[in-house]
Amino acid sequence: MEAQGRFKVLIAGAGITGLTLAHCLEKADIDYTLFDKGIIAPPFGNTITIFPHGIRILHQLDFLNQIKNQSAPMGGSNCRGSNGKIFAACEKYFTVLRSLTGYDTRTIGRQEFLQLMYDRLPDKRKVFERARVERVVTENSKIRLVLADGREFIGDLLVGADGVHSKVRELMWNNATRIVPTMKTTYAAIVGLSMPMSDLETFEAVVNTSHNKISFLIIYRRKFGEEDMKVLIEKIADYPITEKVKFAELWENRTRAQMVSLEEGVFDHWFLDRIVLAGDAAHKVTPNSGFGGSTAMEDAVSIANAIHTAITTCVHRRPNDEEIRSILQHYQESRIRRAKRIVKVGGEMTRRQAYDGWMNYLQYRCAPKLTFVEFKEEQGLLRWGDHKLRKKGQQRYVKLLLSLGYSLEERIGLPKELDSCVYVGDNDLRYVFIMIASQKSRRQVVLIEPRGLTDSGLLSLLEHTKCSYWVGGSSSYTDLKKDVLETRTEIALSTLPPLRHFFQDEKAQDYTFVATWNEIKANPVFVVQSSGTTGDPRPLSYSLEMSTVGTFSRRLPDGSEENPELRFTGIHGTRVFEAIPIWPPCHEAPLTPAPIITEILRKIQPDGGFYVPSTIRELCLKEESLQLLKKQTYLMYGGAPLDEWVGDLLCTEVDFHVVVGSTETSRWPLRKLQDPREWRYYWIDERLGYRLEHVDGDLYELALERKPEWRRFQGAFIMFPTLDIYHTQDLYTPHPTKPGHVRYRGRKDDLLKLTWLAKVRASDLEEHFNMQPNIRAAMVGGNGKPSPFLIIEPETDKELGLEEVQSTIKLLNQSLSPDICIPLQNVIIASAERPLVRLGKGTLDRRRTIDDYKEEIERLYI
Ligand SMILES: Cc1cc2nc3c(=O)[nH]c(=O)nc-3n(C[C@H](O)[C@H](O)[C@H](O)COP(=O)(O)OP(=O)(O)OC[C@H]3O[C@@H](n4cnc5c(N)ncnc54)[C@H](O)[C@@H]3O)c2cc1C
């Protein structure tokens, strides 16, 4: 028996439906186990024709190219009379289908197709062959599956993808203590595979060719046994299949042939409790139309969409019985009408081609046509993305996104090659949505941090990113840098409506965007700047892949399972209170004050929250807010280290999730500490390519080594594809006894991050003071503080007064963006007994100097 874990889907049957579902669940990051009573891709069955709705699903599942390589597109269809001559031809049918849908209709060997699907599954340990499902027990909101050999498996949902004679369907009806319904069977068929024949043209009705095989299907109106098959074959031996080839030749060339009965029909009930049917187990179409497989694939996609919705919208990713019932009901309702229509047109086609009665004979001779079932955009699209958001009250956000897409297009038009637009506005949701909307309109958005950016830095950034639009969240943001932009007439200014405008109740028109992950993962999405205090900031372009580094970090590189040790495991699907700004504030806006955060916590009682350390510190100072903090299961923090006393106070009360990373690398996944009292340490996962390079004493710089198989965890190498080693510039001290545990000690370089996440490069500012004759050395600090501070060491033989230093600061501040200026009172004059500490090479030892002046520094910020 298996232990309880995350939501698990058990799939009975590894045919087209089961394998498609397994791929969809892989994509949706949902656990599953797949059972088949036989072997995968058995060596029977002939070819299978896949229509565009199926091909599109295969495209979304990322194996369109392999399918193309192993299959041939259908080109047309001929109908022949008893003399073998063509009396009607549908030459354009498949071309029209292609022009309507964008995909060919393709024929591929059935065994090859199933094998390909299986080979592409990343973790074969989830697939059990020779595992016949025999019994099913629904108990305690779980499914217990018993195999014929006695093995048992526990899951949350059982999908019966076990074909037309479905055992799961039988068990489902038995569970409901009802008589098992059956399907009607009017026809039987001989299906076979033959070697290529030189005189046989490529396209024949009920004869398909794939790369190197001819498959045939002889439909007969009743069931019959082996003996009858012989009689039938003799009877039709002289029938011409073309003007030159008779059926007997095809038969002699056969490599295999078998009889099958052709059931047809759609069941009215597709689910019970936690059991659901898909593919031929739920509906069966006669084979002439070639729709059965593609329709089964659509079922698989719909079920995966339904499960994904249920998991992502319910608390703790574990839908209860009622939620399961509701999604299965929705699945059935969304599929049953289409399935009935497909079975009907398939049946009509079979009857015509079998000349079943005069009406059918006349219809087929006078107006032969291939069937066409409406190709609906909605059907069979993997929907996590926009569509999942439509559920459960989140329609508002989808609407916001759609209207924002149009609003952007209206204001700034469609993108020219590789151009970009700046967006700057209030700290609201438009920042998030504008990034998604820009992906849809394929234009990258430049997100600037005006508080830490000089005018020349801004201009250089705009030039590097080929910026042609400046979009403000309101007119004051549009005009924010109007004077600087005056010389750049190529940059057009525009203002976006306020957030509430996008929440209006009008119906939003779809802003469609259909692509596979592989097609778009390298698309640039947004550009952020590296620090640009005084010099020019560097633009850092985030591709879609780069921006998902964090999202993927729960999974191991082989995609096999969730890594229980990676720290972010456990927060997905919970309610998170995001108390940090969506984007660094532009104006003199402080972080949300503690009393407001307290009020919010009281009202919404989230499972966890994301805070900057200074906010956590403030919340710990009052009993009420401290208790509210402790009520949360986890606390995420980042941007600066946590105060020691705060960490000690909370570490055993809540789970800490420290967000470590950088603009260049995105987030680094960390392992979950076994002892929470060791919160000062990060447990780095060495498999991710981390290594420590010795710098000085007990200090080591953390570096990251490229590991191609861990790419989705290694943002640094997505951002800088030519690098093999990335140096983080962050200094750590290893734990005395625990391998892989490191404690943050500061930066190797001099980059400071102020509380509100603005960045200041200290040496840029220090240079200004070091040039003064009566100053021996200057050090600027302020990591995790609201503003920078300055420690000045005077030349030993020179006089230096505070006013003199302050007038130098005033001069420097004039050249700085106002938000990172050094406040005049933030100055410490170093005493002769405590000079600035230097490393061997004479460079400043910033960490030790800060230790020496710890008290004075603290006093500056009281
Ligand atoms: C002659 C013929 C030609 C066809 N041609 C086409 C075509 O050209 N294009 C097209 O789209 N469709 C075609 N179809 C239809 C298509 O084959 C089916 O719709 C499709 O195979 C259904 O897939 P499925 O996975 O639901 O079922 P199946 O393919 O039947 O797979 C069911 C799987 O479940 C397994 N299983 C059964 N019972 C158990 C159990 N108790 N425990 C565990 N595993 C079990 C089986 O071993 C099997 O692997 C054709 C059908 C026929 C009969």
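Fair warning: this is a prediction, and the values are worked out from it, not measured in the lab. (Residues numbered from 1 in each chain as written. Predicted model: local features only at pLDDT ≥ 70, side-chain atom pairs only at ≥ 80, totals over all residues. Heavy atoms only, no water.)

A. Inspection of the packing of aromatic side chains at higher detail. Tallying each qualifying case throughout the model produces 17 aromatic pairs. Look at Tyr732 and Tyr744: their rings are 5.5 Å apart centre to centre, the planes differ by 65°, and that puts the pair in the edge-to-face class. With Tyr732 in strand S36 (residues 725-734) and Tyr744 in strand S37 (residues 741-747), this residue pair connects regions lying 12 residues apart in the sequence. Across the ring face of Trp251, the terminal group of Arg254 is positioned such that the distance to the ring centre comes to 4.2 Å. Directly above the ring of Trp683 sits Arg671, whose terminal nitrogen or CZ lies 4.8 Å from the centroid. (Phe/Tyr/Trp six-rings, centres within 6.5 Å; stacked < 30°, edge-to-face > 60°. Helix = DSSP H or I, 4+ residues; strand = E, 2+ residues; numbered from the N terminus. Lys NZ or Arg CZ within 6 Å of the ring centre and 35° of its normal.)

B. How the structure looks around the pattern of salt bridges. If you walk through the whole model with that rule in mind, you get 47 salt bridges. Between Asp31 and Lys8 there is a salt bridge; the shortest N-O distance is 3.9 Å. Placement of the pair is Asp31 in strand S2 (residues 31-35) and Lys8 in strand S1 (residues 8-12), with a sequence separation of 23 residues. Judged by relative accessible area, which is 15%, Asp31 ranks as buried. (Salt bridge = Lys/Arg side-chain N within 4 Å of Asp/Glu carboxyl O. Buried < 20%, exposed > 50% of the residue type's maximum accessible area, 1.4 Å probe, protein only.)

C. The environment of Tyr103, seen in detail. For Tyr103, the location among the structural elements is in the loop between helix H4 (93-101) and strand S7 (106-109). Each C-alpha atom of the pair Tyr103 and Arg56 lies 7.1 Å from the other, and the pair is 47 residues apart in sequence. The residues contacting Tyr103, other than those within four sequence positions of it, are Pro52, Ile55, Arg56, His59, Leu64, Leu97 and Arg98. Among the polar contacts listed, one links the side chain of Tyr103 to the side chain of His59, at a separation of 2.7 Å. (Contact = heavy atoms within 4.5 Å. Polar contact = N/O pair within 3.5 Å; in protein donor to acceptor, adjacent residues only side chain to side chain.)

D. Seen up close, the nonpolar core. Of all hydrophobic cores here, the largest spans 85 residues; its most connected members are Tyr611, Ile616, Leu650 and Phe656. Of the domains in this structure, domain 2 (393-547) and domain 3 (555-747) are the two that each give at least three residues to this core. By size, the runner-up hydrophobic cluster in this structure holds 78 residues, among which are Cys24, Leu121, Leu277 and Ile303. (Core = buried A, V, L, I, M, F, W, Y, C linked by side-chain atoms within 4.5 Å. Domains from an automatic or database assignment.)

E. Spotlight on the sheet that holds strand S23 (residues 492-495). The strand order S23-S22-S20-S21-S24-S25 describes an open sheet built from 6 strands, whose pairing is mixed. The outermost strands of the open sheet, each flanked by one partner alone, are S23 and strand S25 (539-543). Across the sheet, the mean angle from the axis of one strand to that of its neighbour is 25°, orientation sign disregarded. Judged from the 4 bridges that link them, strand S22 (residues 467-472) and S23 form a sheet pairing that is parallel. (Pairing = 2+ DSSP bridges. Axes fitted to C-alpha atoms, helices over the stretch in contact; angles between N-to-C directions.)

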